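Structural characterization, general
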Amino acid sequence: DQQVKQNSPSLSVQEGRISILNCDYTNSMFDYFLWYKKYPAEGPTFLISISSIKDKNEDGRFTVFLNKSAKHLSLHIVPSQPGDSAVYFCAARLEGGNTPLVFGKGTRLSVIA
Amino acid sequence: KAGVTQTPRYLIKTRGQQVTLSCSPISGHRSVSWYQQTPGQGLQFLFEYFSETQRNKGNFPGRFSGRQFSNSRSEMNVSTLELGDSALYLCASSLAPFGAGANVLTFGAGSRLTVL
């Protein structure tokens, strides 16, 4: 039972355009969400997060939107740059528990110059 | 400061052998967790250690084990290797254990295990 789903394994976007990466979750007890970016031969690095009490969090070119009623979050990258080409993982944390993050399977973003 | 260091970076083993992977966390980080990444499966949680105690364990067979030392360094061991154990094994460290606030994990580059 996959609780965090990233239904698009890959995404290609032109440089300068917007990249939108989507993530759906099934457990309403998740209270904190994170996005990680992973380049080949490197470990994932933290990108941006959002608490369930917010619906938007912005950090430079990166914005995460959370729609709790739809159990959906999205990561927007504007404008997209070739250096953004990586695998992006969505992760979620259960409220109040000492449980590990639950990760999606990842979406490979390719930004084409 | 130095990041999370994992050794070895690459290794090749044959079925039936055993392997030990090492992880040195960021200085001051006392929580270490391990993940398995395979193509199409994302990051699957293996275990979490904090202050030498295993606090969480993922849904993996008993062939997968781990430990943490007093200096917070951690090792994981896989015995009786199977072809399906071929994966990237990632270690992450954090100041506090899971559940203690908005805990961001810092990952190492991983150990890529190939089982032939």
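Provided above is the structure to which this section pertains.
So, a few notes on the structure that sits alongside this text.

Criteria and thresholds
Numbering of residues begins from 1 in every chain and follows the order in which that chain's sequence is written. Whichever chain is written first is A, and whichever ligand is written first is 1; the rest continue in order. Under the rules for a predicted model, residues below a pLDDT of 70 receive no local features and side-chain atom pairs below 80 are neither given nor counted, while totals for whole chains, interfaces and linings still include all residues. Hydrogens are left out, water is left out, and the side-chain values use all remaining heavy atoms of the structure. Pairing of aromatic rings covers Phe, Tyr and Trp, the last counted by its six-membered ring, and requires centre-to-centre distances within 6.5 Å; plane angles under 30 degrees mean stacked, over 60 mean edge-to-face, and any other angle means tilted. The cut-offs for exposure are 20% and 50% of the maximum accessible area for each residue type, with area from a 1.4 Å probe on protein chains only; residues under the lower value are buried, those over the upper are exposed, and the others partly exposed. It only takes one pair of heavy atoms within 4.5 Å for two residues to be counted as in contact. Two parts placed together each lose some accessible area; with a 1.4 Å probe, that loss summed over both constitutes the buried area. Going along the chain from the N terminus, every DSSP run of H or I of four or more residues is numbered as a helix, and every run of E of two or more is numbered as a strand. Throughout this entry, Asp, Glu, Lys and Arg are counted as charged residues, while Ala, Val, Leu, Ile, Met, Phe, Trp, Tyr, Cys and Pro are counted as nonpolar. The remaining residues, Gly among them, count as polar. Whenever Lys or Arg places a side-chain nitrogen within 4 Å of a carboxyl oxygen from Asp or Glu, that contact is recorded as a salt bridge. By convention a nonpolar core is built from buried Ala, Val, Leu, Ile, Met, Phe, Trp, Tyr and Cys residues, the set being connected through side-chain atoms within 4.5 Å. Disulfide: a pair of cysteine sulfur atoms within 2.5 Å of each other.

Turning our eyes to something else, we now look at the packing of aromatic side chains. Two aromatic rings, taken as a pair, are described by how far apart their centres are and by the angle between their planes. Residues and elements named next belong to chain A. Evaluation of the coordinates by the stated rule reveals 12 aromatic pairs over all chains. Look at tyrosine 25 and phenylalanine 30: their rings are 6.1 Å apart centre to centre, the planes differ by 65 degrees, and that puts the pair in the edge-to-face class. Looking at tyrosine 25, the relative accessible area reads 6%, which means it is buried. What makes phenylalanine 30 buried here is its relative accessible area of 3%.

Before going further, it helps to examine the interface of chain B and chain A. Between chain B and chain A, the contact holds 24 residues from the first and 19 residues from the second. Of all residues in chain B, the largest losses of buried area upon contact with chain A belong to Leu43(B), Val104(B) and Phe107(B), amounting jointly to 27% of the total for that side. For the side of chain B that touches chain A, the secondary-structure elements that each account for two or more residues are β4 (31–38), β5 (42–50), β6 (53–57) and β9 (87–94) of chain B. Top element by residues in the side of chain B that touches chain A is β5(B). It accounts for four residues. A class-by-class count of the residues in the side of chain B that touches chain A yields 12 nonpolar, nine polar and three charged.

Residue and element names in this part refer to chain A. Checked against the element boundaries, aspartate 55 lands in the loop between β5 (45–51) and β6 (56–59). Classification of aspartate 55 by relative accessible area gives exposed; the value is 54%. Considering only alpha carbons, one finds aspartate 55 and isoleucine 18, 37 residues apart in sequence, at a separation of 19 Å. Every residue in contact with aspartate 55, bar those within four places of it in the chain, is listed here: Ile50, Val64, Phe65 and Leu66.

On to the pattern of salt bridges. This structure, assessed with the given rule, holds eight salt bridges over all chains. Linking Glu58(A) and Lys56(A) is a salt bridge whose minimum nitrogen-to-oxygen distance equals 3.9 Å. On the accessibility criterion, Glu58(A) (51% relative accessible area) is exposed. Among the salt bridges present, the one from Glu75(B) reaches Arg67(B), with a minimum N-O distance of 3.3 Å.

Our next topic: the nonpolar core. Core analysis: the largest hydrophobic core is formed by 23 residues, its most contacted members being Phe33(A), Trp35(A), Leu73(A), Leu75(A) and Tyr88(A). Secondary-structure elements contributing two or more residues to this core are β3 (19–25), β4 (30–38), β5, β7 (62–67), β8 (72–77), β9 (86–94) and β11 (107–112) of chain A. Ranked by residues supplied to this core, first place goes to β9(A) with four residues. What Leu75(A) contacts, discounting residues up to four positions off in sequence, is Ser19(A), Ile20(A), Leu21(A), Trp35(A), Leu47(A), Ile48(A), Phe62(A), Thr63(A) and Tyr88(A). Val4(B), Cys23(B), Trp34(B) and Phe47(B) belong to the second largest nonpolar core, which has 21 residues in total.

It is worth spelling out the state of the cysteines at this point. This model, assessed by the stated rule, comprises two disulfides over all chains. Here Cys23(A) is linked by a disulfide to Cys90(A), with a sulfur-sulfur distance of 2.1 Å. Linking Cys23(A) and Cys90(A), the disulfide has an S-S dihedral of approximately -75 degrees and is accordingly described as left-handed. Of this pair, Cys23(A) sits in strand β3 while Cys90(A) sits in strand β9, and the two are 67 residues apart along the sequence. Residue class for Cys23(A) comes out buried when judged on its relative accessible area of 0%. The disulfide that involves Cys23(B) links it to Cys91(B), with 1.8 Å between the sulfurs. Residues Cys23(B) and Cys91(B) share a disulfide whose torsion about the S-S bond is about -55 degrees; that sign makes it left-handed. Residue Cys23(B) is located in strand β3 (residues 19–24), and its partner Cys91(B) is located in strand β9; the two are separated by 68 residues in the primary sequence.

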